[in-house]
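# Per-entry structural report
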Amino acid sequence: NAAAAAAARPVVLWMRDPEAAAAMARTRENERHLPGVTLQPGVRPTADVADLAESEAVLVVTPAQTLRGVLTALAPRLRPDAALILCAKGIERGTDAFLTDVAAEVAPGASVAVLSGPSFAADVARGLPTAVTLASRDGALAAALAAALSGPTFRVYHGSDPRGVEIGGAAKNVLAIACGAAIGRGLGESARAALVARSFAELMRFARAWDARPETLMGLSGLGDLVLSAASAQSRNFAFGERLGRGASLAEASGGKLAEGALTAQGLVALARRRGVEMPVAEAVAGLLSGTLGLDAAIADLLGRPLRAEI
Ligand SMILES: NC(=O)c1ccc[n+]([C@@H]2O[C@H](COP(=O)([O-])OP(=O)(O)OC[C@H]3O[C@@H](n4cnc5c(N)ncnc54)[C@H](O)[C@@H]3O)[C@@H](O)[C@H]2O)c1
Ligand SMILES: O=P(O)(O)OC[C@H](O)CO
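The structure reproduced in this document is the subject of the present report. The structure displayed is predicted, hence computed values, not measured ones.

## Concerning the site of ligand 2
The environment of ligand 2 is formed by Lys 89, Gly 117, Pro 118, Ser 119, Phe 120, Lys 172, Asp 225, Leu 228, Ser 235, Arg 236 and Asn 237. Contact distances for ligand 2 include 2.7 Å between an oxygen atom and a side-chain N or O atom of Lys 89. At 2.6 Å, a side-chain N or O of Asp 225 approaches an oxygen atom of ligand 2. A total of 310 Å² of accessible area belongs to ligand 2 in isolation, and the protein chains cover 93% of it. Mapped onto the shell around ligand 2, the elements with two or more residues apiece are helix H10 (220-231) and helix H11 (236-245). Of the residues belonging to the shell around ligand 2, the class tally is three nonpolar, four polar and four charged. Counting contributing residues per domain, the shell around ligand 2 is built from domain 1 (2-160) and domain 2 (164-303), each supplying no fewer than three.

## Some details on the packing of helix H3 (residues 67-74) against helix H4 (residues 99-106)
Between H3 and H4, the least distance of the axes is 10 Å, while the angle of their chain directions is 30 degrees. Classed by the angle they form, the pair H3 and H4 counts as roughly parallel. Here the hand of the crossing between H3 and H4 comes out right-handed. On the side of H3, the interface is formed by Leu 67, Arg 68, Leu 71 and Thr 72, while H4 contributes Leu 99, Val 102, Ala 103, Glu 105 and Val 106.

## Quick look at the environment of Asp 161
Mapped onto the fold, Asp 161 is located in the loop between strand S9 (154-159) and helix H7 (162-184). C-alpha separation for the pair Asp 161 and Pro 10, spaced 151 residues apart in sequence, amounts to 29 Å. The contacts of Asp 161, once residues within four sequence positions are left out, are Ala 135, Ser 136, Ala 212, Arg 213 and Thr 216. A polar contact is formed between the side chain of Asp 161 and the backbone nitrogen of Gly 164, at a distance of 3.1 Å.

Reading the values: the criteria
Each residue is numbered by its place in its chain's sequence as written, counting from 1. Working convention: letters from A go to chains and numbers from 1 go to ligands, in the order in which they are written. At least 70 in pLDDT is required for a residue's local features to be given in this predicted model, at least 80 for side-chain atom pairs to be given and counted, and no such filter applies to totals for whole chains, interfaces and linings, which use all residues. The side-chain numbers reported here are obtained from all heavy atoms of the structure, hydrogens and water having been left aside. Consider each residue's heavy atoms; a residue with any of them within 4 Å of a molecule or strand counts as near. For this analysis, a polar contact is any N or O atom pair within 3.5 Å, provided that within protein one partner can donate a hydrogen and the other can accept it, and provided that sequence-adjacent residues contribute only side-chain to side-chain pairs. Computed with a 1.4 Å probe, the accessible areas rest on the Shrake-Rupley method; for each residue, only the protein chains presented here act as cover. Secondary structure elements are taken from DSSP: a helix is a run of H or I of four residues or more, a strand is a run of E of two residues or more, and numbering for both begins at the N terminus. The nonpolar class holds Ala, Val, Leu, Ile, Met, Phe, Trp, Tyr, Cys and Pro. Asp, Glu, Lys and Arg form the charged class, and all remaining residues, Gly among them, are polar. The start and end points of each domain follow an automatic or database-based domain assignment. To obtain an axis, a line is fitted to C-alpha atoms, over the contacting stretch when the element is a helix, and the angle between two such axes runs from 0 to 180 degrees between their N-to-C directions. If an angle is under 35 degrees, it is roughly parallel; if it is over 145, roughly antiparallel; if it lies from 65 to 115, roughly perpendicular; otherwise it is oblique. We call a crossing left-handed when the near helix sits turned anticlockwise from the far one by less than a right angle, and right-handed when that turn is clockwise. In what follows, residue pairs with any heavy atoms lying within 4.5 Å of each other are defined as contacts.

Fair warning: the whole summary comes from geometry, so function is off the table for now.
The following block contains the structure:
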């Protein structure tokens, strides 16, 4: 909707379910995920992949764990010069691969960009002010895509550090679960602020070790998204953690919604360990989710760590 609004541009909205596509074409609304938001006139819902054949740029917005399957199906049907803009936030389970690496494997030679930042879909769709980052190793491409997608209330900054941008998006979901659990357990706002700051320190260490620019993590896609997700019950990752903190089981905690951090936590700590990065908050979340650590033990572990210099 934002892309179509930006320049009255035609946008093909591909989805896998023909019935859902037909219903959306008829009602001009995504009743399940975005009720009350009318599709822009330029948006054309379809379930036919062939309708993407002429697209100059494709925003891939399915959950992180489906990226490989979706791109495998779509890539051969796209223009060879189509830009792939990855919007999912996560690390692939099983391979511990960054999503840009999954895309490079499945669609070799494609121009890949990452779009991420503090942005609840409901806010963007309703035209509330939002600012995000779009990065590609091809900086000129990133600038062109950012200009094409920006609109009066949707500001897209551009950059050339896609690895930094994807690290921010994937890791903030894990760290938001920790903040949610702390609030759910009744640890208070001071604890939340401490967790945000120490989580940010983890993000910076991880980024340095994985060849990203620390300053990318200081921007919208790092600190910006961490603050949003750690501070808002609207975040599904925060809400997941909050329910865990209140004593819900892992099965109950998702509330039937996607909590990407729960699927990415193990991959994040595996990558951190591989490069010797200390991430105690992320480790605590991974321990909680794998059942090797209870919440009170996780809190005691974090509070009992040896005191050290802050920086
Ligand atoms: N919702 C947000 O506010 C928001 C904001 C920024 C980024 N993201 C990221 O975008 C990604 C998707 O999140 P979401 O909120 O749209 O999730 P969602 O669960 O609300 O919707 C995902 C959609 O993808 C579809 N889907 C799932 N598997 C598919 C497949 N194999 N092929 C085709 N379609 C498939 C589902 O049917 C559903 O319509 C996540 O990685 C999330 O972190 C979401
Ligand atoms: O609801 P969440 O936790 O998936 O967060 C949505 C977006 O990633 C916020 O930027």
